[in-house]
Amino acid sequence: MANRYGQLFRTPGVTALALAGWVARLPSTMVGVGIITMLSQTRDSYSLAGSVTATLMLATALLTPQVSRLADRYGQSRVLPPATGIGALSLLALVLCSRLDAPHWTLYLCAAPAGCLPSIPAMTRARWAKLLEGQTLLPTAFALDSVLSEISFVMGPPLSIGLCMAWFPEAGPLTAALLILFSVSALLRQKSTEPPAHPAAPGSGRSALFLRPVPVLALLMGTLGAIAGIIDVAAVAFAKAQGSPAAAGWVLALYALGSGMGGLAFGALKPALPLGRLLLCCCAATAASSVFIALAPNVFWLAAVMLLSGLSFAPTLIVAMEMVEKAVPRARLTESLTWLVTGILLGVAGGASLCGLAIDAYGARAGLNLTLAAGACALLIAAALPRAPSPKSVVEDAC
C-alpha cells in the first residue's frame, strides 16, 4: 500500500492538487444540510427546507453537466470563475433572504441559480487524468480522490450544522458560500494540472450523456446513490424505532468509514481483472451486503453491516470513473464524469424520498428492505455492461 501511494505523492503536483481538490469539495457537502438547518430554524418548516433543498439539487443535476461541458470546450480557468461567482452569490442571496424574512418564493428564486456551482469531483478527476496521463497510477489517484470525498462528507455536514447551531442560523450556508469562492480560486491556481481546452468539433454538440458507456454508468451510479439516500433516512428511522436515535449517527459514520477504507485499499492494489468484470464483482458485493442490511435485527448489527457495505461503495465509483476515462475522448471527459456525479445526486434524492414514503406507510423495516431492490438493480446494470470499455475511436456513437 505504502509503495503505490508513495509513488503517487512523489509525482510533482500531486500533493497540491489533492489538498486543493479536498478543500474545494468540502463546502459542497455543507450547502444542502446547511440550508435545511437554517430554514428549519428561521421558518420553522421542514417541508419548506426540504423543497428549497430539492430545488437546489434538481438545478444542480441540470446545470452542472453544462458547466462541465463548457469547461471541456473553453478550459476550467475561463468557465469556473463565472460559474462559481454566480453560484456563490446566489447562496449569499438565499442567506440574505432568510435573514430578512423575505417571501418564500425568493428562496426558490435564489436556490435555482446556485445549481450552476461546478462539480468539483469531476473537475479534479479530469485534472488527475491530465497530470497522470499514460501512467499506471491513475486508479490510485482516483482512489485517493474518493477517499478525500468521503472525508468531506464526514466533516462537512456536522460542521455546517454546528455553525448554524452555535453561531446563528445562517452561519453554515454563509461559511460554505465564502469557502467556495476561496477554495475554487485555490484549485484554479494549479495551472500545471488544468486540462487543455478542446474547441468545438463536428459532432461535439451532442451531450456526453450519449457517449458509451456514460448513460449506463450514470444509471448505475444512480442506484448507488439511491442506496446511500435510503440508508440516510432508514438508519434514522430504524434507530429511533429501536429506542436509540443517537445511534443513527454511528451507523452513517461507519458507512462513510467503510467506503473510505475500501477506496484506500483499492487504490493500493492493482487488480488483474478487466474493468467490466471488476465492476461486476463490486456490484455483487453491494447486492450481497444489502441482504444483511435488510435482515438487521438491531442497530448494532446494522452498524457492523454498514461498515462492510461501505467497503464496496468507493471501489465501484473508482472503477466506473476509470471506465469513463478510458472510453471517452479527452474533449468530453469532464462532462462525462459530471454525468456520473449527477447520477449519484439524483439517486440520493430519489432514494431518500422513496424511503421516506415507504417508512411512513409501512414502518422503519420497509426502508431497510428497499436496499435489496437498489442492490439488485446495481448488479443487473453491471451485468449488462460490456466487459471492456469502448475504444475512443467509436465512442461518439450513440448508445
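Residues numbered from 1 in each chain as written. Predicted model: local features only at pLDDT ≥ 70, side-chain atom pairs only at ≥ 80, totals over all residues. Heavy atoms only, no water.

Focus on the state of the cysteines
Covalent bonding between the sulfur atoms of two cysteines defines a disulfide. Quick reminder of the rule: Note that a disulfide, as used here, is simply two cysteine sulfur atoms within 2.5 Å.
This model, assessed by the stated rule, comprises 0 disulfides. C377 carries a free sulfur, and the closest cysteine sulfur to it, the one in C283, is 11 Å from it.

Structural notes on the nonpolar core
What counts here: Buried Ala, Val, Leu, Ile, Met, Phe, Trp, Tyr and Cys residues that are joined via side-chain atoms within 4.5 Å together make up what is termed a nonpolar core. Note on exposure labels: buried denotes an accessible area under 20% of the residue type's maximum, exposed denotes more than 50%, and partly exposed covers the range between, all computed with a 1.4 Å probe on protein chains only. Helix and strand assignments follow DSSP, with helices taken as H or I runs no shorter than four residues and strands as E runs no shorter than two, numbered in order from the N terminus.
Judged by nonpolar contacts, the single largest core of 112 residues is most densely connected at W128, L217 and L279. Looking at this core element by element, the count peaks at 13 residues for helix 10 (residues 214-241).

Here we look at the packing of aromatic side chains
Stated formally: A pair of aromatic rings is counted whenever rings of Phe, Tyr or Trp (Trp by its six-membered ring) have centres within 6.5 Å, and the orientation is called stacked for planes under 30 degrees apart, edge-to-face for over 60 and tilted otherwise.
Tallying each qualifying case throughout the model produces 1 aromatic pair. Their ring planes at 70° and their centres at 6.1 Å tell us that Y255 and F313 sit as a pair that is edge-to-face. With Y255 in helix 11 (residues 247-268) and F313 in helix 14 (residues 313-327), this residue pair connects regions lying 58 residues apart in the sequence. Exposure remark for Y255: the relative accessible area of 11% places this residue in the buried category. Judged by its relative accessible area of 11%, F313 is buried.

Details of unusual backbone geometry
Positive phi, normally seen in glycine, also occurs at D101, with a value near 55°. Mapped onto the secondary structure, D101 falls in the loop between helix 5 (76-99) and helix 6 (104-111). What makes D101 exposed here is its relative accessible area of 55%.

Remarks on the packing of helix 7 (residues 120-131) against helix 8 (residues 138-166)
What counts, and what does not: Each axis is a line fitted through C-alpha atoms, and for a helix only the stretch in contact is used; angles between axes span 0 to 180 degrees, taken between their N-to-C directions. Should an angle lie under 35 degrees it is considered roughly parallel, over 145 roughly antiparallel, and from 65 to 115 roughly perpendicular; all remaining angles are considered oblique. Left-handed describes a crossing whose near helix is turned anticlockwise from the far helix through less than a right angle; right-handed describes the clockwise counterpart. Throughout, a residue-residue contact means that at least one pair of heavy atoms, one from each residue, lies within 4.5 Å. In the scheme used here, Gly and all other residues not listed as nonpolar or charged are polar, with Ala, Val, Leu, Ile, Met, Phe, Trp, Tyr, Cys and Pro taken as nonpolar and Asp, Glu, Lys and Arg as charged.
As a packed pair, helix 7 and helix 8 sit with axes 10 Å apart at the nearest point and diverge in direction by 155°. What the angle tells us is that helix 7 and helix 8 run roughly antiparallel. Crossing of helix 7 over helix 8 shows right-handed handedness. Of helix 8, the residues touching helix 7 (which contributes P121, T124, R125, W128 and A129) are L138, A141, F142, L144, D145, S146 and S149. Its residues assigned to classes, the contact of helix 7 with helix 8 shows 7 nonpolar, 3 polar and 2 charged.

Description of a nonpolar patch on the surface
Our working definition: Surface patches are defined over residues having more than 30% relative accessible area and no salt bridge, joining like charges when they lie within 9 Å and nonpolar side chains (Val, Leu, Ile, Met, Phe, Trp, Tyr) when within 5 Å. Note on areas: Shrake-Rupley, 1.4 Å probe, and residue coverage restricted to the protein chains presented here. Salt bridge, as applied in this entry: a Lys or Arg side-chain nitrogen positioned within 4 Å of an Asp or Glu carboxyl oxygen.
On the surface, V291, F292, L295, W301 and L372 cluster together into a nonpolar patch covering about 460 Å² of accessible area. Structurally, L372 can be placed in helix 16 (residues 364-384).

Side note on the side chain of S289
With respect to the element layout, S289 can be found in helix 12 (residues 275-294). Take S289: its relative accessible area is 10%, and that puts it in the buried class. Apart from the residues lying within four places of it in its own chain, the contact partners of S289 are V305 and S309.

What about helix 7?
Owing to its 3.6 residues per turn, the α-helix brings residues three or four apart onto one side. Which entries qualify depends on this criterion: In this scheme, a helix's expected span is set at 1.5 Å multiplied by one less than its residue total.
Between its terminal C-alpha atoms helix 7 stretches 16 Å, which fits the 16 Å expected from 12 residues at 1.5 Å a residue. Among the 12 residues that make up helix 7, 11 are buried, leaving the element largely enclosed by the rest of the structure. Those residues of helix 7 not exposed but buried are I120, P121, A122, M123, T124, R125, A126, R127, W128, A129 and L131.

As for the side chain of S152
Filter applied, for reference: For the purposes of these results, a polar contact is taken to be a pair of N or O atoms within 3.5 Å, where, inside protein, one atom must be able to donate a hydrogen and its partner to accept one; residues adjacent in sequence count only when each atom of the pair is a side-chain atom.
Among the secondary structure elements, S152 is positioned in helix 8. The class of S152 is buried, set by a relative accessible area of 1%. Separated by 3.2 Å, the side chains of S152 and W22 make a polar contact. Non-local contacts of S152, meaning those with residues more than four positions away in its chain, are made with W22, R25, L26, T29 and P157.

A short note on helix 16
With 21 residues, helix 16 extends 32 Å between its outermost C-alpha atoms, agreeing within 8% with the 30 Å of an ideal straight helix rising 1.5 Å per residue. Residues of helix 16 that are buried include every one of A364, A366, G367, L368, T371, A374, G375, A378, I381 and A382, and no others. For helix 16, the secondary structure elements touched by its buried residues are helix 10, helix 12, helix 13 (299-310) and helix 15 (333-362).

A look at the confidence of the model for the chain
Heads up, the condition is: A score between 0 and 100, pLDDT records how confident the predictor is in each residue.
Looking at the chain as a whole, the pLDDT averages 81, with 91% of positions reaching at least 70. Low confidence marks residues 388-399, where pLDDT is under 50. Its contacts with residues over four positions away, or in another chain, come to 32 contacts.

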